[in-house]
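Fold and geometry: a report
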Amino acid sequence: MQDIFEEPVSALFSYNAKTHAIMPRKMVWKGREYIFTKLGYHHTVRIGRTLNHIFHVTDGVNDYRLRINTETLEVVLEDVYHDQLSA
Amino acid sequence: MISSQHNPARPSVMHIDLNSCFATVLQQAYIHLRGKPLVVSAYSTPKGFVLSPSIEAKKFGIKLGFNNAQARAVCPHVIVRTPDPNMVRDVHRKFRKIFDSYSPNVVPKSIDEAVIDFKYTKYENTDLTIVGQEVRHRMRREIGEWIKCSIGISTNRFLAKLAAGIHKPEGLDVIDAHNVRDVFSRMALTDFPGIARRFEVRLHENGIYTPIKFLETDEKFLQKKVFHSVNGNYWYMRMRGWEVDGVEFGRKTYGQQYALAEKTGNITLLSRYLMKLCEKMGRRARRAGYAARGISMSLSFTNGAHLHTGHLVGYQMYSTWDFYHESYRILHKALAKGLVVSQLGVSCFDLVTVRAVEEQLFEQNRTKKHLVSDALDKINDKYGEFVVTPATMMGMSKTILDRIAFGSVKEL
């Protein structure tokens, strides 16, 4: 089941200079900390002229979609996918 | 005559087809969707049309063209999701980048398939099955480990595509002079790309019931009796591995269509949908540097009737308002009979480059409208689609969503 949030969150990222891979490692949302274990997909989207990076990550329990606005550097949690059967 | 024999050349054409593209891409991103029956549908409502069943959903018999209710009937726990066009476009760009590193001659056939021609490249005399495995490996490494593709190799595009369809998912097959008869003997006519029911009937009427019989049929018979055109010669050559499909056609039209969630014959409501379709179509045409001299509309009605009509308008349409004004006249006339519309489509044709438009604009003193249109496009380019819209489109941000069309990829 997918829940849409569009909520700003605090996040920590890692960057590998050899592979140029960037990945969200940790997020604090509603006072709770989430540690990401795997990156599913990373891509970019332009909203007008503003480049946004989209990260699909998992903490092993749920999947999360995070967006970074490269102009404001705001990190937004767009949606969470729960591992349960759809209605 | 050379075309009577199978092309003896070493296969140099590779067709690569992403398996269950939209669903696989979602499974790549959302790890918890992996290994589960999933359908990506145009809409999540029960009547939403299934665009892409996952490999796991296909095992339950779910096919392209089912609606969500039918998919749930055969697999009650199927997960329904709507597409993420931006992510699919990104995957397309990434696989295109991989293919471009092998050959300058790469032709995307749709959002999820492409053809690589290795002729005149350093791979020309290499075993392409090894190159195919390398391409697949790179797609997994550079795009994502869940990405799956079928690969077909042959001497022309037709047989390469046919080969890519032999084993799904993740097949890698070659069709050449040695095995073409064997491959054909295990297929039906409708397994051939380009042979749908209508062509099958035509072949049956001429005593051709199997691909082998099709292959063995005389070229002149195909031309004069079956196809009544040069298409008969093309099929004769195509099945023998000679390239007859190597011509790429430029864009001739721009169009948008929308299947109405709530069918209506209300002109006020339909005109709002029409405005949004015209805005999307106009933006794409203008971005590519085109105006158009022709407008056409296609309308499907709830009584099963269908109308497709169009005409040249006598000037070069450039702004969204131009497209809307001309198509509205067609819509208004079509609705005079009191029919209820289920699907609405608009397209423009007879494209001309903007330079030609500018010359005409001065002639007709239409410069102001042109400049306003360009200014609105610039605002939307800067701040995002539909930031500034005609008032008719107010409140329509969640209607007529971004979608990827079936067929060729001429813009991304």
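The rules behind each value
Residues numbered from 1 in each chain as written. Chains lettered and ligands numbered in written order. Predicted model: local features only at pLDDT ≥ 70, side-chain atom pairs only at ≥ 80, totals over all residues. Heavy atoms only, no water. Salt bridge = Lys/Arg side-chain N within 4 Å of Asp/Glu carboxyl O. Buried < 20%, exposed > 50% of the residue type's maximum accessible area, 1.4 Å probe, protein only. Patch = residues over 30% accessible without salt bridge, like charges linked within 9 Å, V, L, I, M, F, W, Y side chains within 5 Å. Areas by Shrake-Rupley, 256 points an atom, 1.4 Å probe, with all protein chains shown as cover. Helix = DSSP H or I, 4+ residues; strand = E, 2+ residues; numbered from the N terminus. Polar contact = N/O pair within 3.5 Å; in protein donor to acceptor, adjacent residues only side chain to side chain. Contact = heavy atoms within 4.5 Å. pLDDT = per-residue confidence, 0-100. Pairing = 2+ DSSP bridges. Axes fitted to C-alpha atoms, helices over the stretch in contact; angles between N-to-C directions.

1. A closer look at the pattern of salt bridges
Close approach of charged atoms lets side chains of opposite charge pair. Residues and elements named next belong to chain A. Under the counting rule described, the total for this entry stands at 27 salt bridges over all chains. Across the pair Glu 33 and Lys 26 runs a salt bridge whose closest N-O atoms are separated by 3.6 Å. The class of Glu 33 is partly exposed, set by a relative accessible area of 45%. For Arg 65, the salt bridge identified is with Glu 78, shortest N-O distance 2.3 Å.

2. Quick notes on a nonpolar patch on the surface
All names here are of chain B. The grouping of Val 372, Leu 376, Ile 379, Tyr 383 and Val 387 at the surface amounts to a nonpolar patch, some 430 Å² of accessible area in total. Tracing the backbone shows Val 387 in the segment after helix 15 (367-383). Residue Val 387 is classed as partly exposed on the basis of its relative accessible area of 46%.

3. A short note on the side chain of His 6 of chain B
All names here are of chain B. Mapping His 6 onto the fold places it in the segment before strand 1 (13-18). At a separation of 3.4 Å, a polar atom in the side chain of His 6 contacts the main-chain carbonyl oxygen of Arg 240. Every residue in contact with His 6, bar those within four places of it in the chain, is listed here: Thr 155, Leu 159, Asp 176, Ala 177, Val 180, Met 239, Arg 240, Gly 241 and Trp 242.

4. Examining the confidence of the model for chain B
Residues at a pLDDT of 70 or more form 92% of chain B, whose mean pLDDT is 89. Listed scores for the predicted complex are pTM 0.81 and ipTM 0.91.

5. Here's the deal with unusual backbone geometry
Between Lys 168 of chain B and Pro 169 of chain B the backbone carries a cis peptide bond, its omega angle lying at -5 degrees. Looking at where Pro 169 of chain B falls in the secondary structure, it is placed in the loop between helix 6 (157-164) and strand 8 (172-174).

6. A word on the sheet that holds strand 3 (residues 50-53) of chain B
The strands making up a sheet associate through backbone hydrogen bonding, with each pair oriented either parallel or antiparallel. All names here are of chain B. Sheet architecture is open: 3 strands sit in the order 3-2-4, paired in mixed fashion. At either end of the open sheet lies a strand with only one pairing partner, and these are strand 3 and strand 4 (79-81). On average, each strand axis in the sheet is tilted by 30 degrees relative to the strand beside it, whichever way the strands run. Inspection of the sheet shows strand 2 (residues 38-41) paired to strand 3 by 3 bridges, in the antiparallel sense. Across the sheet, residue Val 40 finds its bridge partner in strand 3, namely Ser 52. Sheet strands in contact with helix 1 (residues 21-29) are strand 2, strand 3 and strand 4, and its direction is about 115 degrees off that of strand 2.

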